[in-house]
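Residue-level structural notes
Listed here are the chains, written in short residue letters.
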Amino acid sequence: AYLHQIRKSNVESLTQRFVQATPVSTAKVFMQAVDDMSVVANIGANIPDYKLTLSETGIDNYVLIIGESERTANMSIYGYKRDTTPELIEQQQKKQLLLFNNAVSPAPVTIMAVPLAITADTVNARDPRKYGDNIINIANKAGYETYWFSRQGKGGAHNNVITGIAMNAHKSEWVDEGYDEALLPLLNDALKKPGKKVIVLHLYGSHEPACRRFPENKALLSGGSVADDCYDNSVRYTDTLMGN
């Protein structure tokens, strides 16, 4: 519990935590909303003036799937003993894949890891002002129609930076109900539209609690501990989603 409070302290201000313990604790929600709006405005105001050179690739649709809390150590395509990635291993897919064997997440929490992966910010020289320099804004400048569809949260200290990046897309939408497959209808609708597109799907993936990240009928792996079975089934469910 102590360590959890330490982690919370890194994303919530001292003032917010103090207000939470007072009779006006509901004010914390409004303080967070003001914080969120400030983050979003800051990211939207710091877009570089890109000088891009464009070339034709023959590809109209780029789909970026941002997973969540998924380790290569639990993916059978990387040698894991359980069959967690049958879709990726299928010969038709495998021959088209470029697998990275030494990729390491830049941070152990979403609110830091995702911005570090898709913006100009770097691990060795952290600078939130660089969040405005991101793949969505580059794609916008290059003339692509951009979409961001998410099963993650939209507001709050654990989400606001990512939301700030997402809201630079021409269309952004957050889905609160169901599982990650709830994003597929949005993806299909976007793909039907003409023109060049960059579409981001931000999954819940294997985020804790992993047992709640897939439907009951997708619990195909069993025989280990409950935690391991749930995690591996969540990895396999993500693989199924990507296959779809």
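Counting of residues starts from 1 at the beginning of each chain's written sequence and follows it residue by residue. With pLDDT at 70 or above as the cut-off, local features in this predicted model cover only qualifying residues; side-chain atom pairs require 80 or more to be listed or tallied, and sums for whole chains, interfaces and linings still use all residues. Derived side-chain values reflect all non-hydrogen atoms in the structure, with water molecules and hydrogen atoms excluded from consideration.

Looking now at the overall build of the protein chain. Within the protein chain, the regular secondary structure consists of ten helices and four strands. Ordered by position from N to C terminus, the α and β elements of the protein chain give α-α-α-β-α-α-α-α-β-α-β-α-β-α. With an accessible surface of roughly 14500 Å², the protein chain has 55% of that area assigned to carbon and sulfur atoms. Comment: elements are numbered from the N terminus, with helices defined as DSSP H or I runs of at least four residues and strands as E runs of at least two. In these tables, accessible area is a Shrake-Rupley quantity obtained with a 1.4 Å probe, and a residue counts as shielded only by the protein chains included in the view.

Looking now at unusual backbone geometry. The peptide bond linking Glu208 to Pro209 adopts the cis configuration, its omega dihedral lying at -10°. Mapping Pro209 onto the fold places it in the loop between strand E4 (197-202) and helix H10 (226-243).

Pairing of aromatic rings covers Phe, Tyr and Trp, the last through its six-membered ring, and needs centres within 6.5 Å; plane angles under 30 degrees mean stacked, over 60 mean edge-to-face, and all others mean tilted. Enumeration over the complete set of coordinates arrives at three aromatic pairs. Their ring planes at 45° and their centres at 5.9 Å tell us that Tyr147 and Phe149 sit as a pair that is tilted. Aromatic pair Tyr179 and Tyr237: ring centres 6.4 Å apart, planes at 75°, arrangement edge-to-face. With Tyr179 in the loop between strand E3 (171-174) and helix H9 (184-192) and Tyr237 in helix H10, the pair connects residues that are 58 residues apart, well separated along the chain. Relative accessible area serves as the criterion here: at 32%, Tyr179 is assigned to the partly exposed category. Buried residues are those whose accessible area, probed at 1.4 Å on protein chains only, stays under 20% of the maximum for their type, while exposed residues exceed 50% and partly exposed ones sit between those limits. Residue Tyr237 is classed as buried on the basis of its relative accessible area, which comes to 3%. In this analysis the charged atom, NZ for Lys or CZ for Arg, is taken to sit over a ring once it is within 6 Å of the ring centre and within 35 degrees of the ring normal. The ring of Tyr204 carries the charged tip of Arg213 above its face, separated from the ring centre by 4.0 Å.

Once rolled over the atoms, a probe with the size of a water molecule shows which space is left empty. Only protein atoms enter the 1 Å grid used here, on which a cavity is any set of points holding a 1.4 Å probe that cannot leave and a pocket is any open set flanked by protein within 12 Å on both sides along at least five of seven lines; residues with an atom within 4 Å of a point are listed as lining. Grid points are joined across faces, edges and corners, and a volume is the space filled by probe spheres set on the points. Evaluation of the coordinates by the stated rule reveals one cavity of 30 Å³ or more. If you add up the space inside the largest cavity, you get close to 30 Å³. Ser150, Gln152, Gly153, Asn159, Ile162, Thr163, Trp174 and His202 together form the lining of the largest cavity. Charged means Asp, Glu, Lys or Arg here, nonpolar means Ala, Val, Leu, Ile, Met, Phe, Trp, Tyr, Cys or Pro, and polar covers whatever is left, Gly included. In terms of residue class, the lining of the largest cavity is made up of two nonpolar, six polar and no charged.

Let us look at the side chain of Asp239. Looking at the secondary structure, you find Asp239 in helix H10. None of His or the chain ends enter the tally, which takes Lys and Arg as positive and Asp and Glu as negative. Salt bridge, as used here: a side-chain nitrogen of Lys or Arg that lies within 4 Å of a carboxyl oxygen of Asp or Glu. It is Arg236 that comes nearest to the buried, bridge-free Asp239 among opposite-charge side chains, at 6.2 Å. Pairing of N or O atoms within 3.5 Å defines a polar contact, subject to two protein rules: one partner must be a possible hydrogen donor and the other a possible acceptor, and residues neighboring in sequence count only if both atoms are side-chain atoms. Of note is the side chain of Asp239, whose polar atom sits 2.6 Å from the backbone nitrogen of Glu87. We call two residues contacting when some pair of their heavy atoms lies within 4.5 Å. Those residues in contact with Asp239 that sit more than four places away from it in its chain are Thr84, Thr85, Pro86, Glu87 and Leu88.

In this description, strands pair whenever DSSP reports at least two bridges between them. One open sheet holds the four strands; their spatial order is E1-E4-E2-E3, and the pairing between them is parallel. Edge positions in the sheet fall to strand E1 (61-66) and E3, since each of these pairs with one other strand and no more. Strand-to-strand twist in this sheet, taken as the mean axis angle between neighbours without regard to direction, amounts to 10°. Two elements, strand E2 (residues 145-150) and E4, share six bridges in a ladder whose sense is parallel. In the sheet register, Ser150 faces E4, and the bridge partner there is His202. In this analysis, axes come from line fits to C-alpha atoms, helices being fitted only over the stretch in contact, and the angle between any two N-to-C directions falls in the range 0 to 180 degrees. Packing of H9 onto the sheet brings it into contact with E1, E2, E3 and E4, and relative to E4 it is tilted by some 180°.

As a further point, take the side chain of Asp232. Relative to the helices and strands, Asp232 is located in helix H10. By relative accessible area, Asp232 is classed as buried at 0%. The contact partners of Asp232, leaving out residues within four places of it in the chain, are Asn74, Tyr80, Arg82, Thr84 and Leu221.

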